[in-house]
Each structure stands twice: as C-alpha cells, then as structure tokens.
Amino acid sequence: MKTIYLDNAGTTKMSKSVINSMLPYFDEIYGNPSSLHSVGQISKEHLENAREIIAKCINADKNEIYFTSGGSESDNWAIETACKFGKLKGKNHIITTNIEHHAILHSLLEKQKQGFDVTFLPVNENGIIKIDDLKKAITNKTCLVTIMFANNEIGSLQPIEEIGKICSENNILFHTDAVQAVGHIQVDVKNMKIDMLSSSAHKYHGPKGVGFMFAKKGTPLFNFMHGGAQEGNKRGGTENLASIVGMSTALQEAVAEMNEISQKIKPMRDKLFSELSKIEHSKINGDLNKRLPNNFNMSFEGIEGESLLLLLNDDGICASSGSACTSGSLDPSHVLLAIGLPHEVAHGSLRLTLSKYTTEEEINYVIKIVPKVVEYLRKISPVWDELQKGKRKFVL
C-alpha cells in the first residue's frame, strides 16, 4: 500500500536538491568556520553565503540572521532577550495570543513565574485577533508583543503588518513565530516592521534540527547560549554548516517556487474542503481566505480524533488530529478550544497539510476514504448514538 503523507505542518520531506547541496559539507568542506586556517576560512565563506541567501529571502540584512537549532530555540531566545531588556527598563508586560505554539506558551508561563504579566489575546471563530484588542492591551509596561504569523493547526494568518505598525509606533519589540509561514507565503521583515522572527528549516523541505532567528539591527539581543564567539558573539557553539547550507538551499527553492506551488496545492486543498464538507455535522476550522495555502482542518461530530488517525493510517494516510493523543495526552487542541469548539467536537478534528509532492490522485483517494472512516466510527460511537436518538444535541 502506498503511503500518502499529509502531515507537512509536522515536518516535510527533504528535497533532493537540498540533500545534494549538503553532501560536500560532510567530506570536502569540513572545516570549523571559526578556525583561522584556510580550511576553516573556506567553511566560513560558505556559512556567510548561506546567511546572505536566507536574509534575501525575507528582505533582511545579512548581519540580522542568527543560526539556531530550530523554531523552539528561536522562540525562547526572542522571549528571553525581550524580557531581559524590558526588565532593565522597568517593563514587565508581554502580549501574546491564546493560540500560540507551545514553544511560546510554555516559555511565557515560565516568565509569569518570574513576575512578568502576560496578556493572552483571544481570537475570533476563525482564529484571528482583533487589532483593537491589541491596542487596548498595550500599557507603558509592555516590553514585547509575540504573535504567530500563521497558526500551525488551523492555518489562519494574523494581520502581521498591522501588528508591526502598532508595535513600532509604541516602541515595543515585536516578535513573530513564523515557523509555518516562512517558505510558504511572502515574508518581508522590513515592510512588516518585524523586530524578531523565528523559522525552522524542516517546515520547508530542509533538514531537521536547524533554524534561524531574525533580529532587526539595533534589537538588544542578549546571549541565550554561552560559549564561543559564534553568531556575532551571541550564540556559542560550532555552526552546523551542512544543515545551514541545506536550510539556505531549501528556503531559496521554496521562495522561488512559492507561487507555482500555491497555485498547485490550493485547488487540491479547496477540493478537500468542498467534498468533505458534504459529511453531515462537520465544520471547517480556520479562515477560508486568510489561510496558509496547504492547510486543511475540519471537525466531525461524534468521533474521536485518535481513532480517526489510526484508521486513516491503516488505509495509508498519514494525518494529524485536533487531539494531542500522539504526544501522550488526550486533551483536545488548545487552538480549537480557543476558536470556540466544545471539547467533544475538538476531539474529532482532522488536519491535513499538503506539500509540493502531493498529487491529485492522493487527494481523490483521501476524499474517498475519509467519509467511510467517519461513518464507521460513528456507527460504533455511543456519543453518536445518543446524538441520533436525541439524548444529546448536535453542535455542528
């Protein structure tokens, strides 16, 4: 049975061109970029070339790119540096949303323990904040606004340009977790007035374990990792040159192909929405227009997400759910709860995320299989039986 991989928001397959671009750095170009000898300096040239490529992809300057281990480290670094700077200026207030990635939410919970005041902005039923809520939340103690660019579960896009403008006018540092956005939609850090941005290579067909943080020139970037003088003396540790080059290749490729890929996968995604919406008592999650081109998320009443995933997997479909069962918890997604779904509906959600490798044939197969699996699960569900008999009221 052929495997159909539709969990590209989780991670992506590395492209052949990325793999090929990395190979020389395991054998031929192996020097430490910090070494003064010729072998090391050749590596340094390639390191800085990768930095320049990445900078151009988001309209940044080369010296504003710092290499990290990925999105989570970049998120933590941005929060840590903003809080340290804020504390020096007597500011201890942070603004975020209630649908952020856990790399942000868990970091901010730690900051609350340290005495920081955190405002969690609500989102509407499509997962988007109201700009007026942001304006009202700002105080003279606000040191950071951190709001994700695109949501990893429902694909909704935040009004980043407006947020950046407001933060700039109020002299507040603005960080965005752009892990799901970079490489998929246009990101322009200068025009969007972004101060700090997080990205991870494995979300756009690059290697795992490498990412970058953009920090605008003049941002008071504090050291997050101590050791050597790498990354402008801001992050100690010998750079993972092979992966960094792979990341630069992946991002350059993703940006060059962005329009073409979007035109290919959006119709397939919309076909999923159109056909699977025919299943009774179902609901599309997230904004239909202000949305990542590859993101599909729907809820089906009367079923459980973990069972849905397991049965789809038996039919060769790799997907993810609105239930965090795969991480050892049966709690429903905090994102789906935040957009107003009750627990029992949030549990029965399905996320499918497409890539440039997704085919029309695969989408047609998914459209054929999902209704059958949903029907089967409903037949054996005591909740669905109660809904059918009127003992419970339908929500969807």
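Residues numbered from 1 in each chain as written. Predicted model: local features only at pLDDT ≥ 70, side-chain atom pairs only at ≥ 80, totals over all residues. Heavy atoms only, no water.

Quick notes on the overall build of the protein
Okay, so step 1: Looking only at helices and strands, one finds 13 helices and 13 strands in the protein.
Okay, so step 2: Whereas a compact globule of 396 residues would reach a radius of gyration of roughly 21 Å, the protein reaches 22 Å, a difference of no more than 12%.
Okay, so step 3: The principal-axis extents of the C-alpha atoms in the protein amount to approximately 75 × 50 × 35 Å.
Okay, so step 4: For the protein, long-range pairs separated by at least 24 residues make up 72% of all intrachain contacts whose partners lie at least 6 apart in sequence.
Okay, so step 5: Total accessible area computed for the protein in this model is approximately 17400 Å², and 50% of it derives from carbon and sulfur atoms.
Okay, so step 6: Across the protein, the mean location of the 44 positive side-chain charges is 3 Å away from that of the 46 negative side-chain charges. (Helix = DSSP H or I, 4+ residues; strand = E, 2+ residues; numbered from the N terminus. Rg over C-alpha atoms; globule rule 2.2 N^0.38 Å. Contact = heavy atoms within 4.5 Å. Areas by Shrake-Rupley, 256 points an atom, 1.4 Å probe, with all protein chains shown as cover. Lys, Arg positive; Asp, Glu negative; His and termini not counted. Charge placed at Lys NZ, Arg CZ, Asp CG, Glu CD.)

Observations concerning a nonpolar patch on the surface
Okay, so step 1: Taken together, the side chains of Ile19, Leu23 and Phe26 make up a nonpolar region of the molecular surface, amounting to roughly 300 Å² of accessible area.
Okay, so step 2: In this structure phenylalanine 26 comes out as exposed when scored by relative accessible area, which is 58%. (Patch = residues over 30% accessible without salt bridge, like charges linked within 9 Å, V, L, I, M, F, W, Y side chains within 5 Å. Salt bridge = Lys/Arg side-chain N within 4 Å of Asp/Glu carboxyl O. Buried < 20%, exposed > 50% of the residue type's maximum accessible area, 1.4 Å probe, protein only.)

Quick look at the packing of helix α8 (residues 241-276) against helix α12 (residues 360-379)
Each packed pair of helices is defined by two parameters, the angle between the axes and the distance between the axes.
Okay, so step 1: Running from N to C, α8 and α12 point in directions that differ by 20 degrees, and their axes come no closer than 10 Å. Viewed along their axes, α8 and α12 adopt a mutual orientation that is roughly parallel. You can see that α8 and α12 cross each other, and the crossing is right-handed. Side by side, α8 and α12 meet where Met268, Lys271, Leu272, Glu275 and Leu276 of the first sit next to Glu360, Ile363, Asn364, Val366, Ile367, Val370 and Pro371 of the second.
Okay, so step 2: Taken together, the residues of the contact of α8 with α12 break down into 8 nonpolar, 1 polar and 3 charged. (Axes fitted to C-alpha atoms, helices over the stretch in contact; angles between N-to-C directions. Parallel < 35°, antiparallel > 145°, perpendicular 65-115°, else oblique. Left-handed = near helix turned anticlockwise from the far one by under 90°. Nonpolar A, V, L, I, M, F, W, Y, C, P; charged D, E, K, R; others polar.)

A closer look at the nonpolar core
Okay, so step 1: By size, the foremost hydrophobic cluster in this structure holds 64 residues, and its most contacted members are Ile163 and Phe212.
Okay, so step 2: Counting residues per element, this core draws most heavily on α8, which supplies 8 residues. (Core = buried A, V, L, I, M, F, W, Y, C linked by side-chain atoms within 4.5 Å.)

Details of the pattern of salt bridges
Okay, so step 1: Under the defined criterion, the tally for this structure stands at 18 salt bridges.
Okay, so step 2: With a shortest N-O distance of 2.7 Å, glutamate 231 and arginine 51 are connected by a salt bridge. Residue glutamate 231 is found in helix α7 (residues 230-233), and its partner arginine 51 is found in helix α2 (residues 38-57); the two are separated by 180 residues along the sequence.
Okay, so step 3: Taking the relative accessible area as the measure of exposure, glutamate 231 reaches 4% and is therefore buried.
Okay, so step 4: The closest approach of N and O atoms between glutamate 375 and lysine 379, which form a salt bridge, is 3.9 Å. Of this pair, glutamate 375 and lysine 379 both sit in helix α12, 4 residues apart, roughly one helical turn.
Okay, so step 5: Connected via shared salt-bridge partners are Glu48, Arg51, Lys62 and Glu231.

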